There are 2 protein chains.
Amino acid sequence: MSPDQSTTPSLIALDWGTSSLRAFLMDARGDIIDQRSSPHGIQNLPEPGIPGFERAFALACSDWLARWPSLPVVAGGMVGSAQGWREAPYVTCPADTHVLASRAAAVEAQGGVRILLAPGVLYDPPDAAPDVIRGEEIQIAGALSGHPEWAKRSLVVLPGTHSKWVEVVDGRITRFFTYMTGELFAVMRKHSILGRLMPDAKPADKATAQAGFAAGIATAQKSLPGDLVHQLFSTRSLGLAHRLPAEALEDYLSGLLIGHELVSALARLKAALDSEAPLLLIGDAKLCERYIAALSAFGVKPAEPIGNTAPRGLYEFAVAAGLIKKDPSHG
Amino acid sequence: MSPDQSTTPSLIALDWGTSSLRAFLMDARGDIIDQRSSPHGIQNLPEPGIPGFERAFALACSDWLARWPSLPVVAGGMVGSAQGWREAPYVTCPADTHVLASRAAAVEAQGGVRILLAPGVLYDPPDAAPDVIRGEEIQIAGALSGHPEWAKRSLVVLPGTHSKWVEVVDGRITRFFTYMTGELFAVMRKHSILGRLMPDAKPADKATAQAGFAAGIATAQKSLPGDLVHQLFSTRSLGLAHRLPAEALEDYLSGLLIGHELVSALARLKAALDSEAPLLLIGDAKLCERYIAALSAFGVKPAEPIGNTAPRGLYEFAVAAGLIKKDPSHG
């Protein structure tokens, strides 16, 4: 997308995670005028430490700032973590963009440009370990923007390396649960004995993949507490005993792990589902498809998947922080 | 141990696994006269394929065979797997040494020496994925040897990379469950984000380690179906929120995974435990200590841990195969 020269920009928004930095030039309505993506995530900076953050930011945005020097800048994601540019400590639930804005941290980049960093959110239940999100709170703010019916009450599911299941009530994040599904799949696939029976170069045909995935979900649905450590081994034993073809084992493992995530998360969030709160899926389209298939095995139908809502969420964060005024002609 | 020259050997027994080959020279009573250990497990042979097996065997045993050329030779473990010297296909439960002997495979090494390979065991329940053991059936035969009270009914637990929970009734393996506890711990520690907060060079003091381990078990005891994928993340969030010191996180993860294993396995084998069948622990002494501590949190007290019972089990396998006569003065 090339800049729309007819529109005056009002905001620079940075979605700055572990492995990439995405920069957005936005107008007063929150529409994207221009955008860039760089590989300079916080674990891949052009040089170590603070100078690395400064340089990555300059590489992405210095021409925008040269042209519009007074633009406000906001950032969300791991850039505000303890390993980030500056730590914006977690705020506790319930949290919305106003809470995030009231507890934001700020850094000053070269040339005196101030960047407002969004905090992450801590959910601290009395009877279990605390849980944290950082970055997802911004995506959720973006998803809810302009959707008061979702803001009223919804479940927001962000599948991925660390899937997040987030309950929203009256526009605020009230509780959430992290599932290490994607990472567990990746490390078991690559580093455990389970990968050994999986052919590297022979992708499954669609029917085989679907059958493997469905079998994994069915195994998860039969699980009792503690069973996953045992059921993981079935990925191997089903192959050894020729009950599943080798090409189906990868999808079996995927179905088994996503199935366990769903068994647990749907039980934890049953009250919300029973009240017919919509289930919103945010994320990569292919992964969302996989979750839609898995959810259907549990009789749950999500709303249409939503794409990248981080820019819109950063806009809402900037509005809540008073950095820009919302254009009344929008949302 | 140097050979006891006063005793006539009756058997060569090979405990031949993935990463090592252990050779035992035994007398007619099953006592060990001499033993060797080599790193030539089936995934670390001195050369690829059959010649590698032949050479590893010759390196370990050729002097014994030069001196006592007619000694029978038996082997158990991964050497009889599909990746082994020759496959000895799984026998199905219920299985004892007689069943193993009746379905053994044989190879002929250089010089015409015949080696009898023990099969593994398949447990094939009607309502779940099949499960397999290979090598543990020999260790179990060794543990039961000379213990008719254990052979009558017991639970044999072999903790490790892949923990095995095996029910024995009337001297036969009737069913069993594999838990990938050790491997899951190792890959998550080494390859997932969970290892990042764990200090590499700062081992926990005993009290910190025990507190972390106990906290992990307590988390597992509170788990509902599917919860592990979520609870794994608490290893990180407890560190991020400073609820557990970094040095305790490794033991927390260990307690969480062993706790999940116990929650599941003790429920599956509840009938045997309720009938007061003894729980036998076989394996590495330090790991057994960890399981004893974990079991005590569930109110279960195992019998004294048992060391390496593979040589005795191979002896029983050789007796069942008719290769040697049991000396009536023993067991």
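Residues numbered from 1 in each chain as written. Chains lettered and ligands numbered in written order. Predicted model: local features only at pLDDT ≥ 70, side-chain atom pairs only at ≥ 80, totals over all residues.

**A closer look at the relation of the copies chain B and chain A**
- Superposing chain B onto chain A requires a rotation of 180 degrees together with a translation of 0.0 Å along the rotation axis, leaving an RMSD of 0.0 Å. What we have between these two chains is a two-fold relation. Rotation axis and chain B: the residue whose C-alpha lies nearest the axis is Pro225 of chain B, separated from it by 2.1 Å.
- Interface overlap between copies: 100% of the residues of chain B at the interface are likewise at the interface in chain A, consistent with a symmetric, same-surface contact. (Least-squares fit on C-alpha atoms with pLDDT ≥ 70 in both. Contact = placed C-beta atoms within 7 Å.)

**Observations regarding the pairing of strand E11 (residues 163-169) of chain A**
Residues and elements named next belong to chain A.
- Within E11, 6 of the 7 residues are buried, leaving the element largely enclosed by the surrounding structure.
- Taken together, the 6 bridges between strand E10 (residues 153-158) and E11 define a ladder with antiparallel strand orientation. By the bridge assignment, Arg153 is partnered in E11 with Val169.
- Connecting E10 to the antiparallel partner E11 that follows it, the hairpin turn spans 4 residues.
- In the sheet, E11 pairs with strand E12 (residues 172-179) via 7 bridges, with the strands oriented antiparallel. Residue pairing for E12: Lys164 is matched across the bridge by Thr178.
- If you look at the hairpin formed by E11 and E12, you'll find 2 residues sitting between the two strands, and Asp170 has a positive phi there, around 50 degrees. (Buried ≥ 20, exposed ≤ 12 C-beta atoms within 10 Å, placed from the backbone. Helix = DSSP H or I, 4+ residues; strand = E, 2+ residues; numbered from the N terminus. Pairing = 2+ DSSP bridges.)

**Quick look at the domain arrangement of chain A**
- If you check the domain split of chain A, you get domain 1 (11-145 + 312-320) and domain 2 (181-296).
- Placing a centre on the C-alpha atoms of domain 1 of chain A and another on those of domain 2 of chain A gives a separation of 33 Å. (Domains from an automatic or database assignment.)

**Considering the interface of chain B and chain A**
- Across the boundary between the two partners, chain B contributes 42 residues, which contact 42 residues of chain A.
- Per element, the largest residue contribution to the side of chain B that touches chain A is 9 residues, and it comes from helix H7 (residues 228-240) of chain B.
- The residue inventory of the side of chain B that touches chain A, partitioned by class, reads 24 nonpolar, 13 polar and 5 charged. (Nonpolar A, V, L, I, M, F, W, Y, C, P; charged D, E, K, R; others polar.)

**Quick notes on the sheet that holds strand E11 (residues 163-169) of chain B**
Residues and elements named next belong to chain B.
- A sheet is described by the order of its strands in space; here 4 strands give the open sequence E12-E11-E10-E13, paired in mixed fashion. Strands at the two margins of the open sheet, each flanked by one partner only, are strand E12 (172-179) and strand E13 (279-281). Neighbour-to-neighbour, the strand axes of this sheet turn through a mean angle of 20 degrees, independent of strand direction.
- Against the sheet, helix H3 (residues 136-144) engages strand E10 (153-158), E11, E12 and E13, with an angle of about 50 degrees to E11. (Axes fitted to C-alpha atoms, helices over the stretch in contact; angles between N-to-C directions.)

**So, the environment of Gly17 of chain B**
All names here are of chain B.
- Among the structural elements, Gly17 can be located in the loop between strand E1 (11-16) and strand E2 (21-26).
- On the neighbour-count criterion, Gly17 (19 C-beta atoms within 10 Å) is partly exposed.
- Residues Gly17 and Ser81 lie 64 residues apart in sequence; the distance between their C-alpha atoms is 9.7 Å.
- With residues near it in sequence (within four places) discarded, Gly17 still touches Gly41, Gly77, Met78 and Gly135.

**A closer look at the pairing of E1 of chain B**
Residues and elements named next belong to chain B.
- Counting buried positions over the 6 residues of E1 gives 6, a clear majority of the element.
- By the alternation rule, side chains of E1 split into Leu11, Ala13 and Asp15 and Ile12, Leu14 and Trp16, which are all buried.
- Note: E1 against E2, 6 bridges, orientation antiparallel. Across the sheet, Leu11 pairs through a bridge with Met26, a residue of E2.
- From the end of E1 to the start of E2, which pair antiparallel, there are 4 residues.

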